[in-house]
Amino acid sequence: MFDQWPSLVVAVPLIAAGICAIIRYEFFCWLVSIITSLVSLSGSIFLYLTVKASGDISYKLGGWAPPVGIEYRVDIFACYLLILISLVAIAVLIYGRKLINKEIASHLRGWFYSMYLLCMCGLMGIVITGDAFNAFVFMEISSLSMYTLIALGRDKRALLASYQYLILGTLGATMYVIGVGLLFNVTGTLNLIDLSIKIQPILDTPVIKVAMSFIFAGLSIKIALFPLHFWLPNAYAFAPSVVTTFLAATATKVSIYLLMRYFYTVFGFSFGMSSELIIGIILSCSILAIFVGSFSAIFENNLKRLLAFSSVAQIGYITLGIAIANNAGLTGSMVHIFNHALMKASLFMILGAIAFQIHKDQLTLTDLSGLGKQMPFSMAAMTIAGLSLLGVPGTVGFVTKWYLIQGAMQNGWWWLVVLILVSSLLVLIYLGKIIETVYFKPASNTGIEMNELPGSTFIIILLAVSSCIYLGFDTSLTLGIAEEAVNALVPEG
Amino acid sequence: MINNQIIRILSKILFPFLIIFALYVQFHGDYGPGGGFQAGVVVAAAFVFYALVNGLAKLKEIISEKLLECLVPLGVLIYSGVGVTSWILGGNFLDYSLLDKSDPSHGQHMGVLIIELGVLITVAATMLLIFYSFSGRGRKGDS
């Protein structure tokens, strides 16, 4: 039974999604979703332990041997993402039941859970599959369910945001599949490992370069890398808050996973190739993403959009690690995948909780004024999560920046070190704006009857925020897995 | 259009042929081009044709929206059910050969056919649901 885990972690959410869509009773669906994510989480952890003990797992789907059949391939990097996705999925479900009931109309709740599970199935599938086209199929599964989830937002603009994402996301997926098609045309295989071998002798031919560009461009849209990030702020802002939390923590990360998979496993990138054109492009896009994202966040008044722009900037840090192209840099971006998911999920969860409490969908900065006294817990939590975003020592954000700066120094890129430090100051500006409004402005919404914060929401936020600090001090857990993942991805590193 | 006899009678004659053609495409998928996706669309087209001639309300009497909403996930469950069966039989997910232990290739035929049935159900139901929600827009008294 245990050797079936690679298919179980993907198939169980799929089956549960079907069951939820038939029996659309809210509590039942919620329970099924919780159980499903628990199964997936335990499966992911089991896979991690197995891979650590006895090496990579190759699972033949349908009993057909690779490279002809679809292979599910699990290494440490994949386990890292699997654990992240299922962990976020379960945390969001526990955190959000009351919020879902408030934000989503009763006849749509069953469909919501169904789509949520389907999205999870797609994301897990992208991570675990070792087949280029199968990854595309899972990408479509996760994206389509994501568009639906975003469109469930109560604001009318959610539909537009979802449509925008649909157009751009489809464009991205199309480019990805064109790239895969080109690769298939010259190598005759879709299996990633097989591709990486057959591609070696023809790595410098134009076809491979074109394929690489297509895959890079397509995935960049999904990642929301700087010039292609336009879908992200609206999608995050107008989706229901539970969906935003789930999206912000997982969706872009999985695309980054796929990009790294292609770069390092298929195209055989190695450390110290910082002179390559594509690395230069990633480098400039990342730096621009960090600065443009942060500046947009500074001038943004809608809080969810503000955090979304900050996500654009944070994604820049993750891709920056790829561009730095040495062990420390890549470890930095690897650990930031988890750290950013943690910080952003905490922040979006807190925003969702505040919106729940003061009966508002779209929070603006002025809504927060004076809330420091009315909601001491939420605001303290928000400050701590914000400080980790800033990268204050003792929080998870610091760990990332430390590694990125180390990586930049090893390359001798002192200008980059300066830029990373300056970009932290930009975070300080928009964070400072929020903290000032919260603690030093007079209360604007006195007299509004506030909802009680549900106990489960409280506990999950508390756990998330305290792990922001705990994992900042005890880095052995996240950093340990991240380092193993880097070693699995780039063997000579 | 209900009053136009030629169209009404023609639609009655064509309907079974459309379904037969869909089934042909469905089972032909085992040997060549075809399969559940295409067949599902043809099935849906047959019903859409019926609705165009006799009106949406008539079609909804035959296939209600509630039924379709159950059929969409049912197809997915049939598909994944085959996967679960192969788990239970001790193989990998979707390993059809185990469905008939004495003759693996027969098992594979069986597996593919059942899976394509699931695809047919989901695709046809989804197409009809899309048709319902588009053609039902802005009509009075449409539940």
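The present account deals with the structure reproduced in this document. Predicted model only: the values in this text are computed from it and were never measured.

What counts, and at which threshold
Here the residue numbers are simple positions, counted from 1 along each chain's written sequence. Here chains are named by letter from A upward and ligands by number from 1 upward, in the order in which they appear as written. Two thresholds apply to this predicted model, a pLDDT of at least 70 for residue-level local features and 80 or more for giving and counting side-chain atom pairs, whereas whole-chain, interface and lining totals are computed over all residues. Only runs of H or I of at least four residues qualify as helices and only runs of E of at least two qualify as strands under DSSP, and these elements are numbered from the N terminus. This radius of gyration counts C-alpha atoms alone. The globule rule is 2.2 Å times how many residues there are, raised to the power 0.38. Here, residues touch in the contact sense if the C-beta positions derived from the backbone fall within 7 Å of one another. Between the buried cut of 20 or more and the exposed cut of 12 or fewer other C-beta atoms within 10 Å of a residue's own C-beta lies the partly exposed class, and all C-beta atoms are placed from the backbone. Axes here refer to lines fitted to C-alpha atoms; in helices the fit is confined to the stretch in contact. Angles between the N-to-C directions go from 0 to 180 degrees. Oblique is the label for any angle not under 35 degrees, not over 145, and not in the 65 to 115 range, which are roughly parallel, roughly antiparallel and roughly perpendicular in turn. Helix crossings get a hand from a simple test, with the near helix turned counterclockwise from the far one by less than a right angle marking a left-handed crossing and a clockwise turn marking a right-handed one. Note on residue classes: Ala, Val, Leu, Ile, Met, Phe, Trp, Tyr, Cys and Pro are nonpolar, Asp, Glu, Lys and Arg are charged, and everything else, Gly too, is polar.

**Some thoughts on the overall build of chain B**
For chain B, the count of helices and strands is five helices and zero strands. Each helix and strand of chain B, placed in order from N terminus to C terminus, yields the pattern α-α-α-α-α. The C-alpha atoms of chain B give a radius of gyration of 18 Å, which is well past the 15 Å a tight globule of 143 residues would have. With respect to the principal axes defined by its C-alpha atoms, chain B has extents near 60 × 30 × 20 Å. Here the contacts in chain B between residues at least 6 apart in sequence split such that 59% fall between residues at least 24 apart.

**A short note on unusual backbone geometry**
Residues and elements named next belong to chain A. Put simply, Pro66 and Pro67 share a cis peptide bond, and its omega is 5 degrees. With respect to the helices and strands, the residue Pro67 is situated in the loop between strand 1 (57-60) and strand 2 (71-74). One non-glycine residue, His359, lies in positive phi territory at about 55 degrees. The topology assignment puts His359 in the loop between helix 13 (327-357) and helix 14 (371-374). Of the residues examined, His359 has 12 C-beta atoms within 10 Å and is grouped as exposed.

**A few points about the environment of Asp131 of chain A**
All names here are of chain A. One can find Asp131 in the loop between helix 4 (109-128) and helix 5 (132-151). Accessibility expressed as a C-beta count within 10 Å gives 25 for Asp131, which makes it buried. Taking the C-alpha atoms as reference, Asp131 lies 5.7 Å from Leu190; in sequence the two are 59 residues apart. Beyond its immediate stretch of four places on either side in the chain, Asp131 contacts Ile70, Glu71, Leu190, Asn191 and Leu192.

**What about the packing of helix 11 (residues 277-298) of chain A against helix 17 (residues 414-440) of chain A?**
All names here are of chain A. In the contact formed by helix 11 and helix 17, the axes pass within 9 Å of each other and the chain directions differ by 15 degrees. Between helix 11 and helix 17, the interaxial angle falls into the category roughly parallel. Note on packing geometry: the crossing formed by helix 11 with helix 17 is left-handed. Each of Ile287, Ile290, Phe291, Ser294, Phe295, Ala297 and Ile298 in helix 11 lies in contact with helix 17, whose residues at this interface are Leu419, Ser423, Leu426, Val427, Ile429 and Tyr430. Residues of the contact of helix 11 with helix 17, tallied by class, amount to 11 nonpolar, two polar and no charged.

**Overview of the environment of Gln5 of chain B**
If you trace the backbone, Gln5 of chain B turns up in helix 1 (residues 5-28). It is 36 Å that separates the C-alpha atoms of Gln5 of chain B and Gly29 of chain B, two residues lying 24 residues apart in sequence.

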